[in-house]
Amino acid sequence: MTGMQEILVIVLLFVFLIFLPRWTSRGRGRAPKRSLLSLPGQLRLAIVVSAVWIIVWAAYLQPWQSELLPFTLIGLCPVILGWGVIWVVAGFRKKQDV
């Protein structure tokens, strides 16, 4: 039963990371945010692959029953590193466009 609780916590964190910026920026006269439905196909694919990667490694390694370090190194670090690289590259591209 504890395994299900950890998976639900991961899902809740993922949902809050997506929706929290929208909730905090309401009424501030900012440019309209893109909705999830208007995301390009490559970004949608990246989000789905990231979620599937984490879920598959969580199911295989079961970090709630064994050590957390292998899951962190194999399951979470590649996703965090990949999104970090995408974020940095997007920043450089945005700077070049200005």
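Residues numbered from 1 in each chain as written. Predicted model: local features only at pLDDT ≥ 70, side-chain atom pairs only at ≥ 80, totals over all residues. Heavy atoms only, no water.

Q: I tried to follow the packing of aromatic side chains on my own but got confused; where do I start?
A: Given two aromatic rings, their pairing is described by the distance between the two centres and the angle made by the two planes. For the structure on display, the rule yields two aromatic pairs. With 5.7 Å between their ring centres and 80° between their planes, Trp57 and Tyr60 make a pair best called edge-to-face. Placement of the pair is Trp57 and Tyr60 together in helix α2 (residues 41-61), with a separation of three residues, close to one helical turn. Chaining the aromatic ring pairs together yields one cluster made of Trp53, Trp57 and Tyr60. (Phe/Tyr/Trp six-rings, centres within 6.5 Å; stacked < 30°, edge-to-face > 60°. Helix = DSSP H or I, 4+ residues; strand = E, 2+ residues; numbered from the N terminus.)

Q: I'm lost on the packing of α2 against helix α3 (residues 68-97) in this one. Help?
A: Between two packed helices, the angle of one axis relative to the other and the distance separating the axes together describe the packing. Where α2 meets α3, the axes come as close as 9 Å, and the angle between the chain directions of the two elements is 170°. By the angle between their axes, α2 is roughly antiparallel relative to α3. For the pair formed by α2 and α3, the contact residues are Leu43, Ala46, Ile47, Ser50, Trp53, Ile54, Trp57, Ala58 and Leu61 on the first element and Pro70, Phe71, Ile74, Gly75, Leu76, Pro78, Val79 and Trp83 on the second. Its residues assigned to classes, the contact of α2 with α3 shows 15 nonpolar, two polar and no charged. (Axes fitted to C-alpha atoms, helices over the stretch in contact; angles between N-to-C directions. Parallel < 35°, antiparallel > 145°, perpendicular 65-115°, else oblique. Contact = heavy atoms within 4.5 Å. Nonpolar A, V, L, I, M, F, W, Y, C, P; charged D, E, K, R; others polar.)

Q: How should I be thinking about α2 in this particular structure?
A: Note: α-helices contain 3.6 residues per turn, so residues at a spacing of three or four share the same orientation. For α2, with 21 residues, the first-to-last C-alpha span of 30 Å sits near the 30 Å given by 1.5 Å per residue. Those residues of α2 hidden inside the fold are in contact with α3. (Expected span 1.5 Å × (residues − 1).)

Q: What is the right way to look at the side chain of Ser50 in this model?
A: Checked against the element boundaries, Ser50 lands in helix α2. At a separation of 2.8 Å, a polar atom in the side chain of Ser50 contacts the main-chain carbonyl oxygen of Ala46. Excluding residues that lie within four positions of it along the chain, Ser50 makes contacts with Val79 and Trp83. (Polar contact = N/O pair within 3.5 Å; in protein donor to acceptor, adjacent residues only side chain to side chain.)

Q: I would appreciate a short explanation of unusual backbone geometry in the present structure.
A: Most peptide bonds are trans, and most residues other than glycine sit at a negative phi. In this structure, Gln62 takes a positive phi of about 45° despite not being glycine. Considering the arrangement of structural elements, one finds Gln62 in the loop between α2 and α3. Exposure remark for Gln62: the relative accessible area of 30% places this residue in the partly exposed category. (Buried < 20%, exposed > 50% of the residue type's maximum accessible area, 1.4 Å probe, protein only.)

Q: What is the right way to read α3 from this model?
A: The end-to-end C-alpha distance of α3 is 42 Å, a good match for the 44 Å that 30 residues give at a rise of 1.5 Å each. The sharpest bend along α3 comes to roughly 40°, located at Leu76, with the proline Pro78 sitting one to four residues further on. Looking at α3, one finds that the buried residues are Phe71, Gly75 and Val79. Contacts from the buried residues of α3 go to α2. (Bend = angle between axes of the 7 residues up to and from the residue.)

Keep in mind that these numbers describe shape and distance, not what the molecule does.
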